[in-house]
Amino acid sequence: MLNIIVVCGMGLGSSHYISMNVIDIIKSHEIHATVENCDLLSAFSKEGHIFIGADYFMEQLEEKPFKVCLHDLFDKIELEKKFLEAVDSFYGSN
C-alpha cells in the first residue's frame, strides 16, 4: 500500500486541505494508499513513499525520491496531475 505524506509548515492548515484533496483523488482513481499530514520538521523522519507540499518545502526534502512540488496549493488540477505522475514514477521504479 502506498504511503503518502502531505507536508506544510505546522502540519495543520494547508497540509490538511491538500490531504482531503488527495483522498478524493485516490478514491476516484482506485489507488490503495494511506494519507497523513505533518509539519516539515517531522517529514524528515517519515517513511513515506510520496511526499506532497509547497515547492519551497519540498526543496528541503532533498533525500526523498518521490515528491509532488506544488506551486499553487489550492489548484486541484495541478495536484492531481503531479500526484498521478508521481504514482506512475513510483510504481515504474519498483
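Structure report, in brief. This structure is a prediction, so every number in the text was calculated from the model and none was measured.

### Comments concerning the overall build of the protein chain
Part 1 of the reasoning: Scanning the protein chain from N- to C-terminus turns up four helices and four strands.
Part 2 of the reasoning: In the protein chain, the succession of helices and strands from N to C terminus is β-α-β-α-β-α-β-α.
Part 3 of the reasoning: Against the globule reference of 12 Å for 94 residues, the protein chain gives a C-alpha radius of gyration of 12 Å, in line with a compact fold.
Part 4 of the reasoning: Counting the 94 residues in the protein chain, one finds 44% classified as buried.
Part 5 of the reasoning: Of the contacts formed within the protein chain by residues at least 6 apart in sequence, a portion of 57% connects residues at least 24 apart.
Part 6 of the reasoning: Within the structure as shown, the protein chain displays about 5400 Å² of accessible surface, and the carbon and sulfur contribution to it stands at 57%.

Calculation criteria
- Residues numbered from 1 in each chain as written.
- Predicted model: local features only at pLDDT ≥ 70, side-chain atom pairs only at ≥ 80, totals over all residues.
- Heavy atoms only, no water.
- Helix = DSSP H or I, 4+ residues; strand = E, 2+ residues; numbered from the N terminus.
- Rg over C-alpha atoms; globule rule 2.2 N^0.38 Å.
- Buried < 20%, exposed > 50% of the residue type's maximum accessible area, 1.4 Å probe, protein only.
- Contact = heavy atoms within 4.5 Å.
- Areas by Shrake-Rupley, 256 points an atom, 1.4 Å probe, with all protein chains shown as cover.

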